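Letter by letter, the chains look like this.
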Amino acid sequence: MSSIVLEKSEELTEVGAGIQIGANGSRLLHQLGLQNEIEKYALAPDKGLMMDGRSGRSICTYPLNNFAQQQHQFPHYQIRRADLQRVLAEALQSRSPKSLKFGVTLEDIHQTSDAVEAVTTQGQTFRGTALVGCDGIHSRTREILFGKAEPDFSGCVAWRAVVPSSEIDFQDARQPKIWIGSGRHIVQYPVASGDLVNIVACVDTTIAEQEQWQGSSSAADFRESFTDWCPEIQQLISLAEDALRWGLYERPVLDSWTSGRTTLLGDAAHAMLPSLAQGAVMAMEDGYQLAKSLAEQADTLLALNAYQSKRITRTRKTQT
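Quantities reported herein were computed from a predicted structural model and do not represent experimental measurements. (Residues numbered from 1 in each chain as written. Predicted model: local features only at pLDDT ≥ 70, side-chain atom pairs only at ≥ 80, totals over all residues. Heavy atoms only, no water.)

Caption draft 1: Structural detail: the sheet that holds strand 8 (residues 116–120). Strands sit in the order 7-8-9 across an open sheet of three strands; the sheet is antiparallel. Both edges of this open sheet fall to strand 7 (106–111) and strand 9 (125–128), since each of them pairs with a single strand only. Within this sheet the neighbouring strands show an average axis-to-axis angle of 20 degrees, counted without direction. In this sheet, strand 8 lies alongside strand 7 in antiparallel orientation, the contact comprising five bridges. Each bridged residue has a counterpart across the sheet, and for Q111 the counterpart in strand 8 is V116. (Pairing = 2+ DSSP bridges. Helix = DSSP H or I, 4+ residues; strand = E, 2+ residues; numbered from the N terminus. Axes fitted to C-alpha atoms, helices over the stretch in contact; angles between N-to-C directions.)

This is the structure:
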C-alpha cells in the first residue's frame, strides 16, 4: 500500500529541542532498522540525578537506560528532535522516494463510501482510501472531523533551550539531571552525541502564555524565575540566550478519533503534557498499530476502527 505524506512546512526545520525515547519507542525504531543511524546522534545514559535546585545538593538517582535494558531489553534514548526527524525523513526518502510533499496545507476533507479526498488551500486534491491526520496539537484534521475545542491552560509555562556542553564549567555537565524546587523544576540531558545539553524549565504561574514552537523569548524572564537557585543553574541559564518560552495547555480526551475513512494519530488524537516524556513515543506506537491494522484487515473502515480500539485506552490513560 503506497502512501503520501503531506507536510505544511516548506522544508524540514528544527522544531523543539531535545526529546526522550523510552524503550517502547526505541523498540520500534530498531524494528524499522534504524538503530545504527539513531545511535549516531542519541545518547543512552545509565541513570540521572535528582537535584535540589537551590542548594545544588544531589538527592537521589532516577533510572534511565540501565532500567530500560534490564526490564524491556531496549534502550532509553535522549536525542535532539532535529536528528530524529532527519533519520526518519531519510529513511522515508530511501524506502518511498517522492512520497513526502512540502508546502501543503489542509483546507477540507471530502469522504465517500469508497474514498477520501484531502483538499488543500493551494487548490490541490489528494485522493486515497484513508486519510490520517497526524498534524499535531493544532490539528486541522481534528477540527474538521470533531469541531474546534479550546485548550485549557495548565497553569505552567516552560522554557526550552540547547547550550554547548563545552561552555559549561561544572564537571558532570553531560549527566542527566532534574533540578527541583517549589513550583518549578529544570530538566537537563545531553543530545547531539554529547555536544549539546538540552534544557527544559517549567514554572507554575497564573498568567497564561501562548503556545509557540519556534523563535526565542526574553532570557531575562527565565533568569528571574530562578534567581535564588544554585550557581550551576545560573550558568545554564546564562548560556540559554535563545530560550523559547511557551504555555502548556491541556486538551480534551477524545472518546473517538476516527470518522469514516479518516483517523487521527499522535498529538492530533491525544495531545499530552511533557511530564512522562511519552508524547512522541505514543505517536510511534500509533503508527505501528495503524500499519499493522491496515496490513491485517483488507476493509479500510474496519482497519481504522481496529487501530483506534487497540490504541484509545492506552493513550487516554497516558494523556490523563
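Alright, that's what it looks like, and here's the rest.
Caption draft 2: Fine view of the state of the cysteines. Under the defined criterion, the tally for this structure stands at zero disulfides. Here C60 is not cross-linked by a disulfide; its sulfur's nearest cysteine counterpart is in C230, at 16 Å. Assessed through its relative accessible area of 37%, C60 is described here as partly exposed. Take C230: its relative accessible area is 2%, and that puts it in the buried class. (Disulfide = S-S within 2.5 Å. Buried < 20%, exposed > 50% of the residue type's maximum accessible area, 1.4 Å probe, protein only.)

Caption draft 3: Looking closely at the pairing of strand 14 (residues 196–204). Counting buried positions over the nine residues of strand 14 gives seven, a clear majority of the element. Of the pairings in the sheet, the one linking strand 11 (residues 152–164) to strand 14 comprises nine bridges and is antiparallel in character. Bridging across to strand 14, V163 finds its partner in V197. Sheet topology places strand 13 (residues 184–191) next to strand 14; eight bridges connect them, and they run antiparallel. Bridge pairing in strand 14 places I186 opposite A201. Joining the antiparallel neighbours strand 13 and strand 14 is a turn of four residues, in which A192 adopts a positive phi near 55 degrees.

Caption draft 4: Inspection of the nonpolar core at higher detail. One finds I186, F222, F226 and I233 to be the most contacted residues of the largest nonpolar core, which totals 24 residues. If you list the elements that add at least two residues to this core, you get strand 3 (47–52), strand 11, strand 14 and helix 7 (231–239). Residues I21, L28, Y77 and V281 belong to the second largest nonpolar core, which totals 14 residues. (Core = buried A, V, L, I, M, F, W, Y, C linked by side-chain atoms within 4.5 Å.)

Caption draft 5: Examining unusual backbone geometry more closely. The backbone of Q73 shows a phi angle near 65 degrees, a positive value even though the residue is not glycine. Tracing the backbone shows Q73 in the loop between helix 3 (65–72) and strand 5 (77–80). Despite not being glycine, A192 shows a phi value in the positive range, around 55 degrees. Relative to the assigned elements, A192 resides in the loop between strand 13 and strand 14.

Caption draft 6: Expanded view of the packing of aromatic side chains. Going through the model one piece at a time under the given rule, you end up with five aromatic pairs. An angle of 55 degrees between the planes, with centres 5.3 Å apart, marks the rings of F153 and Y249 as tilted. One end of the pair, F153, is in strand 11; the other, Y249, is in strand 15 (residues 244–250), with 96 residues separating them in the sequence. With a centroid separation of 5.1 Å and 5 degrees between ring planes, the pair formed by W159 and F222 is classed as stacked. Linking W159 in strand 11 with F222 in helix 6 (residues 219–224), this pair joins segments that are 63 residues apart in sequence. Taken together, the ring pairs connect W159, F222, F226 and W229 into an aromatic cluster. (Phe/Tyr/Trp six-rings, centres within 6.5 Å; stacked < 30°, edge-to-face > 60°.)

Caption draft 7: Summary view of the side chain of T263. Relative to the helices and strands, T263 is located in strand 17 (residues 262–264). Side chain to side chain, T263 and T258 meet in a polar contact 2.7 Å long. In this structure, T263 is in contact with L131, V132, G133, W257, T258, L304 and Y307, ignoring residues within four places of it in sequence. (Polar contact = N/O pair within 3.5 Å; in protein donor to acceptor, adjacent residues only side chain to side chain. Contact = heavy atoms within 4.5 Å.)

Caption draft 8: A look at the packing of helix 9 (residues 279–296) against helix 10 (residues 300–319). Where helix 9 meets helix 10, the axes come as close as 8 Å, and the angle between the chain directions of the two elements is 155 degrees. As summarised for this structure, helix 9 and helix 10 are arranged roughly antiparallel, according to the angle between their axes. Crossing angle aside, the handedness with which helix 9 passes helix 10 is right-handed. Along the contact surface, helix 9 presents M282, E285, D286, Q289, L290, S293 and L294, while helix 10 presents T300, A303, L304, A306, Y307, K310, R311, R314, T315 and T318. When its residues are assigned to classes, the contact of helix 9 with helix 10 shows seven nonpolar, five polar and five charged. (Parallel < 35°, antiparallel > 145°, perpendicular 65-115°, else oblique. Left-handed = near helix turned anticlockwise from the far one by under 90°. Nonpolar A, V, L, I, M, F, W, Y, C, P; charged D, E, K, R; others polar.)

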